[in-house]
There are 4 protein chains.
Amino acid sequence: MHSFKNDYSEGAHPRILKALEETNLKQTDGYGLDPYCRAAADLLRARMESDAEIHFFVGGTQANLTALAAFLRPHEAAISPSTGHINVHETGAVEATGHKVLTVPAKDGKLTPKNILPILRGHSGEHMVRPRLVYISDSTEVGTVYTKGELEALSRFCKETGLYLYLDGARLGSALTAPGSDLTLPDLARLTDAFYVGGTKNGALFGEAMAVCNPALREDFRFLMKQRGAILAKGRLLGLQFEALFRDDLYFELARHANRLAARLQDGIAELGYPLYLSSPTNQLFPLFPEETLSRLSEEFSFETMWAEENGGICIRLVTSWATPESAVDACLKTLKAIRDSN
Amino acid sequence: MHSFKNDYSEGAHPRILKALEETNLKQTDGYGLDPYCRAAADLLRARMESDAEIHFFVGGTQANLTALAAFLRPHEAAISPSTGHINVHETGAVEATGHKVLTVPAKDGKLTPKNILPILRGHSGEHMVRPRLVYISDSTEVGTVYTKGELEALSRFCKETGLYLYLDGARLGSALTAPGSDLTLPDLARLTDAFYVGGTKNGALFGEAMAVCNPALREDFRFLMKQRGAILAKGRLLGLQFEALFRDDLYFELARHANRLAARLQDGIAELGYPLYLSSPTNQLFPLFPEETLSRLSEEFSFETMWAEENGGICIRLVTSWATPESAVDACLKTLKAIRDSN
Amino acid sequence: MHSFKNDYSEGAHPRILKALEETNLKQTDGYGLDPYCRAAADLLRARMESDAEIHFFVGGTQANLTALAAFLRPHEAAISPSTGHINVHETGAVEATGHKVLTVPAKDGKLTPKNILPILRGHSGEHMVRPRLVYISDSTEVGTVYTKGELEALSRFCKETGLYLYLDGARLGSALTAPGSDLTLPDLARLTDAFYVGGTKNGALFGEAMAVCNPALREDFRFLMKQRGAILAKGRLLGLQFEALFRDDLYFELARHANRLAARLQDGIAELGYPLYLSSPTNQLFPLFPEETLSRLSEEFSFETMWAEENGGICIRLVTSWATPESAVDACLKTLKAIRDSN
Amino acid sequence: MHSFKNDYSEGAHPRILKALEETNLKQTDGYGLDPYCRAAADLLRARMESDAEIHFFVGGTQANLTALAAFLRPHEAAISPSTGHINVHETGAVEATGHKVLTVPAKDGKLTPKNILPILRGHSGEHMVRPRLVYISDSTEVGTVYTKGELEALSRFCKETGLYLYLDGARLGSALTAPGSDLTLPDLARLTDAFYVGGTKNGALFGEAMAVCNPALREDFRFLMKQRGAILAKGRLLGLQFEALFRDDLYFELARHANRLAARLQDGIAELGYPLYLSSPTNQLFPLFPEETLSRLSEEFSFETMWAEENGGICIRLVTSWATPESAVDACLKTLKAIRDSN
């Protein structure tokens, strides 16, 4: 049974395993202070055309909670789309570091100057938290992406209103390689105060590379990392993986594969006449099916159920990855067609 | 140049890399809810002769901070030797979760009913924190170990006085295989409320297996893990490694190797006439050398400098690992002898 | 210029000042361990017909943050109306203790089983916080009150779903004496897990009396109070005030006065043809006026501006207190009439 | 029975009660934004010859925890004498805001460059907290005081090593009026980054006036206050009290009274041949008595027992206040003499 549950169901791209093996008995210093991490950080900075400080994390929740704890004073709050990962799926990790998350409803999971403005207008004086950081993810939790124009507008607005702009790039590969995307790593380094490049969901065993672009946010960042248990003893494992991913653009190649298969799956579903919550250009799809269709589909494929629509349809999430075989997409569409035709 | 800086300078035992490779393209559920983690947990419970709940962490600081945050109410404090890892080397991770760490000075890094008692006597009433958990490590930060009798006495004392007993097993392999050690995994499961079995410092790429022995401490533990960023997306990596380490007692074999080489190194140093901070039965050694000796030694070997003694000697730490070659020990002793003889 | 800004613009009822004076040179133990606090607690328990533990706080934010920190484990969250004081006006005090506040929109500022249910359905598993406590205020932040039937339904729902029910009684006097109210202190003690009786906004210099009704929530509560700086050194000041307020039902008398004047003001405003955000039975009113009316009104009276309606009207808040003179209400209505007539 | 337990056993100086009464029905804005608070702040600044920002707190624990939470980033720690109030008697309030308290043993309860230096030398790198603030109290928890020379040396050291200097002035009146004291309010404003002037223990009903001298520490301080529940609704009560205390140097007059009676008591005890833990120039005394003496003394006077000495003596604390009558001191000495003579 093939799983479309997520993009971290498999191990890592073979080139990564090979790098681990080839360097296995080399001795290095711990905690990311090794030549592999230095090389990977240099490589990332070159790709970003930036002098950003680069820090490697094992996972996204850890990266988010550490960054926000480092950037915010106790009374400062983050603004997040209500669908934002920090708001919904991190068990209150940000609040556990003491900070409120203010939410903005948005069907497409994206923040804009326009939908943030009411939050700013509604907060003044010392009886309310001070909104201080805008949290966005790209691609978003509902599979959408930001254009360069959108990110520029948001970045400008943040600068004008004294907000930091932080971008969660757990699925950044998929976003940057989405058809029609005009955003690049240098854009991100230029437009955000900090962002991370997600490895876990794009071919690494694990790993997220945080770029702290704004020099004012760099001080003592590693202290915060250690305090949150976010410095890996054998940090070299992170350096090695990001070197492998970015040496020859493997990172983008893998993301393109996932996007291509997702597009094929989405197109096929639409052709079969099933509606979509929204049309996604990335590797997460949100189609809607009747309950009985899902019951039969789940005999052959696994996926995540998102929510029930009021009209009876059920939204599910289908995710492709760097490792998804074309045959799995074909088989899924074939099964869906068979289910549809049998009704 | 060989490094005796620590036991996480290399990658992982080849059997672990092999396990990763062989399973690489298998799809599993994320977050440790996969067959490999289940199998590893079963295996550990069998070795512990216990029904303990097993949770896998990537690193020790994360394990410690999550466990203490889960076990303690806000006004409750941990008692630690002043040398304890949570007190010194985790950047205030426990305090960052809101809890005070009360310290007990102890040359050998160990807690006993006798040295804890003054803390209990000195704390009463709501103007002071309530001591609630005893934190020990085995082997300790200065290389010593607990005997079964010592742990039994401590466990009994904790039960009588309403304290949880928590054991940090970052170097548990080295402790349990130390010459003369009579402690076993079943003893630990029986005598502590929770403890973890360290993988990072004994042949894994990373990984610590937390056993929550006391059923009263199990509720919602995974919520705390997620909140602290301590659930690995590809959790299977942890299950696979612990399976490899415990399937054929590889874990103990690797620890024995490190201990044996450490003993040889310690004996050699003593024979050369250099004093020791204390005689260590484990893989961390604390010899004292004149400053000029260290200056020459450091041309060929790397190590950590601990502190300067008042009489002029300097205490360093030498650590062996599962991967230390005999030749490195021989070479180190040879160099030390040459330095001594040239004076 | 009279202020309708709030109900804590004046000092305290003269009987309270008299009590302070009469006992001024008596020596007592500190921290609320004095005969006045004991007597006040006994009196409150008698009025509540309950064995609740009573703790005295200086202010409401302190009371709320301490109670929630005491009652919740780190991954547990509070559910609040989006207008709730803890959500809006405490500068993230609850989040600063580590807990997420989940919000429910409600025009009338009230929670019901029906509007809470989607929160419960939307939260499951360890990637999300666990909703654990329902926060309500009575009277609410928009001046409405709970009936006994409503509170019984909410209490039953909370018990069935494993939620604590916590009631913020900053303006409890006004709620319990509102025309038509059928709720009593014994009802509150029976139906909630904890609630507090607000003194600051009803004639005391300061002071809130927390009743912890659920025995499971009582353990070590004073430790939490001290940790949050919420034990007053001269705690007797709190005991003395609550004794004065409850010895002869002064508390209810003062609240009735405020309600009566508020009703007269609200009726007069309505008669003049101005709309209300909602009809309030308590001492906080929310009328809507054209901007130019407010500009002229503010020359003679001060008040808080709440929000601009889309149609151009502006909602303000007018608050009466135990000390509001009838003449101020008359003058306000007279001014409003003059403004209206001049247009 | 007279109590020497502490200096907050009575109410307030009559001038304070009178001020409350005279202004009772005046309406003012809440939260310390009233004319009385402004006047008191101006008065304090004039006395301090400083432009310090002044904030009023209800109590000392609240003041300490708010200031440290405001001043420190998450990985930064406070250095305190091991006897420091924040270390011992605030139920881990500072740790509950996330910060470690590093301790320095000192018989006289005082910090010096010399006894702080080992802490600085022992902390480096991101695996340890960063010492960032020096916490001292004056008078100290054992009744001693800082001279101007000592404070100047400490202040210079702190500036050179990048540490903030914070002074807890819960008993500042007693310190500044101690015989031989050469410290003044302007000195404190010049030499510390922040300090507070304690009212609770020197004649107020309650109240501590925090002076934030270092402009870099002022930003958004009131947000932190509100978040910790430390803004009093009827803030005017604090302004009124500090006005009364500082308008005619009542503050110093009251402290001098307490010191004078304490000196008389201490001299008398010494004359009777009982030893002292140390000779205190302030209103807290630490004499040592045989157990049976205390048993008889406690029939007529109450006091706090501190600790048992190894040689069998017991150290108690005797505290005088602004309200202590001479007769109580006389009676106490008489009783002690009678006990001594009967042996």
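Since the structure is predicted, the reported quantities are computational estimates derived from the model, not experimental observations.

**Concerning the overall build of chain A**
For step 1, the next point in the chain: Of the regular secondary structure elements, chain A holds 14 helices and 13 strands.
For step 2, the next point in the chain: When the backbone C-alpha atoms are referred to their principal axes, chain A occupies close to 65 × 55 × 35 Å.
For step 3, the next point in the chain: Looking at chain A as a whole, 67% of its 343 residues qualify as buried.
For step 4, the next point in the chain: Considering only intrachain contacts with a sequence separation of at least 6, the fraction spanning at least 24 residues in chain A is 74%.
For step 5, the next point in the chain: Summing over all exposed atoms, chain A offers an accessible surface of approximately 11600 Å²; the carbon and sulfur share of this is 51%.
For step 6, the next point in the chain: Taking the average place of the 36 positive charges on the side chains of chain A and the average place of its 43 negative ones, the gap between the two points comes to 3 Å.

**Some remarks on the relation of the copies chain C and chain D**
For step 1, the next point in the chain: Aligned on chain D, chain C shows an RMSD of 0.0 Å; the corresponding rotation is 180° and the shift along the axis is 0.0 Å. These values place the two chain copies in the arrangement generated by a two-fold rotation axis.
For step 2, the next point in the chain: The overlap is high: 100% of the interface residues of chain C also sit at the interface in chain D, so the same surface is used on both sides.

**Examining the packing of helix α12 (residues 250–271) of chain B against helix α14 (residues 326–342) of chain B**
Residues and elements named next belong to chain B.
For step 1, the next point in the chain: Contact geometry for α12 and α14: axes closest at 10 Å, N-to-C directions at 10°. Classified by the angle their axes make, α12 and α14 are roughly parallel. On the side of α12, the interface is formed by R260, L261, R264, L265, G268, I269 and E271, while α14 contributes E326, V329, D330, C332, L333, L336 and R340.
For step 2, the next point in the chain: Grouping the constituent residues of the contact of α12 with α14 by class yields 7 nonpolar, 1 polar and 6 charged.

**Comments concerning the domain arrangement of chain A**
Residues and elements named next belong to chain A.
For step 1, the next point in the chain: Per the domain assignment, the segments of chain A are domain 1 (2–6 + 251–342) and domain 2 (14–250).
For step 2, the next point in the chain: Taken over C-alpha atoms, the centre of domain 1 sits 28 Å from the centre of domain 2.
For step 3, the next point in the chain: Between domain 1 and domain 2, the residue contacts involve 17 residues of the former and 30 residues of the latter.
For step 4, the next point in the chain: Per-residue buried area on domain 1 facing domain 2 is highest for Y251, F252 and Y277; these three make up 36% of the total on that side.
For step 5, the next point in the chain: Between the two partners, domain 1 and domain 2, sit 0 salt bridges.
For step 6, the next point in the chain: When residues of the side of domain 1 that touches domain 2 are assigned to their parent elements, the largest contribution, 7 residues, is made by helix α12 (residues 250–271).
For step 7, the next point in the chain: Here the residues of the side of domain 1 that touches domain 2 are counted per class, giving 9 nonpolar, 5 polar and 3 charged.

**A closer look at the interface of chain C and chain D**
For step 1, the next point in the chain: Of the residues lining the interface, 46 residues belong to chain C; the matching set on chain D comes to 46 residues.
For step 2, the next point in the chain: With both chains or domains summed, chain C and chain D bury close to 3900 Å², and 53% of this area falls on carbon and sulfur atoms.
For step 3, the next point in the chain: Three residues, Y8(C), Q27(C) and K234(C), lead the burial of chain C against chain D; their summed loss comes to 18% of the area buried on that side.
For step 4, the next point in the chain: The tally of links between chain C and chain D comes to 2 salt bridges.
For step 5, the next point in the chain: At the boundary of chain C with chain D, the tally comes to 32 residue pairs in polar contact (both at pLDDT 80 or more).
For step 6, the next point in the chain: Broken down by secondary-structure element, the contributors of at least two residues to the side of chain C that touches chain D are β1 (2–3), α1 (14–22), α3 (60–71), α5 (93–96), α10 (221–227) and α11 (236–247) of chain C.
For step 7, the next point in the chain: Along the lines of polarity and charge, the residues of the side of chain C that touches chain D split into 20 nonpolar, 16 polar and 10 charged.

**Re the packing of helix α6 (residues 113–121) of chain A against helix α7 (residues 148–161) of chain A**
Residues and elements named next belong to chain A.
For step 1, the next point in the chain: Where α6 meets α7, the closest approach of the two axes is 10 Å, and the angle between their N-to-C directions is 20°. Relative to α7, α6 is oriented roughly parallel. Considering the relative orientation of α6 and α7, their crossing is right-handed. Where α6 abuts α7, its residues P113, I116, L117 and L120 lie against A153, L154, F157 and T161.
For step 2, the next point in the chain: For the contact of α6 with α7, the per-class residue count stands at 7 nonpolar, 1 polar and no charged.

**Focus on the packing of aromatic side chains**
For step 1, the next point in the chain: Taken as a whole and judged by the stated rule, the model has 51 aromatic pairs over all chains.
For step 2, the next point in the chain: Measuring from centroid to centroid gives 4.7 Å for F246(C) and Y251(C), while their planes differ by 25°, and the two rings are stacked. Each member of the pair F246(C) and Y251(C) is classed as buried.
For step 3, the next point in the chain: Each member of the aromatic cluster is reached from another via a ring pair, and the members are F56(A), F242(A), F246(A), Y251(A) and F252(A).
For step 4, the next point in the chain: Over the face of the ring belonging to Y146(C) we find K110(C), whose NZ or CZ atom lies 5.3 Å from the ring centre.
For step 5, the next point in the chain: Positioned above the aromatic ring of Y164(C) is the side chain of R132(C), whose terminal nitrogen or guanidinium carbon lies 4.4 Å from the ring centre.

**Regarding the sheet that holds strand β5 (residues 130–137) of chain C**
Adjacent strands of a sheet pair through backbone hydrogen bonds, lying either parallel or antiparallel.
All names here are of chain C.
For step 1, the next point in the chain: An order of β2-β8-β7-β6-β5-β3-β4 is seen for the 7 strands of this open sheet, with the pairing classed as mixed. Pairing within the sheet leaves two strands with one partner each, and these edge strands are β2 (53–57) and β4 (101–104). For this sheet the average axis-to-axis angle between neighbouring strands, irrespective of direction, equals 25°.
For step 2, the next point in the chain: Relative to strand β6 (residues 164–168), α3 is tilted by about 170°, and along the sheet it contacts β2, β3 (76–81), β5, β6, β7 (194–198) and β8 (208–212).
For step 3, the next point in the chain: Packed on one face of the sheet, α11 meets β2, β7 and β8 and runs near 110° to β2.

Criteria and thresholds
Residues numbered from 1 in each chain as written. Chains lettered and ligands numbered in written order. Predicted model: local features only at pLDDT ≥ 70, side-chain atom pairs only at ≥ 80, totals over all residues. Heavy atoms only, no water. Helix = DSSP H or I, 4+ residues; strand = E, 2+ residues; numbered from the N terminus. Buried < 20%, exposed > 50% of the residue type's maximum accessible area, 1.4 Å probe, protein only. Contact = heavy atoms within 4.5 Å. Areas by Shrake-Rupley, 256 points an atom, 1.4 Å probe, with all protein chains shown as cover. Lys, Arg positive; Asp, Glu negative; His and termini not counted. Charge placed at Lys NZ, Arg CZ, Asp CG, Glu CD. Least-squares fit on C-alpha atoms with pLDDT ≥ 70 in both. Axes fitted to C-alpha atoms, helices over the stretch in contact; angles between N-to-C directions. Parallel < 35°, antiparallel > 145°, perpendicular 65-115°, else oblique. Nonpolar A, V, L, I, M, F, W, Y, C, P; charged D, E, K, R; others polar. Domains from an automatic or database assignment. Buried area = accessible area lost by both parts, 1.4 Å probe. Salt bridge = Lys/Arg side-chain N within 4 Å of Asp/Glu carboxyl O. Polar contact = N/O pair within 3.5 Å; in protein donor to acceptor, adjacent residues only side chain to side chain. Left-handed = near helix turned anticlockwise from the far one by under 90°. Phe/Tyr/Trp six-rings, centres within 6.5 Å; stacked < 30°, edge-to-face > 60°. Lys NZ or Arg CZ within 6 Å of the ring centre and 35° of its normal. Pairing = 2+ DSSP bridges.

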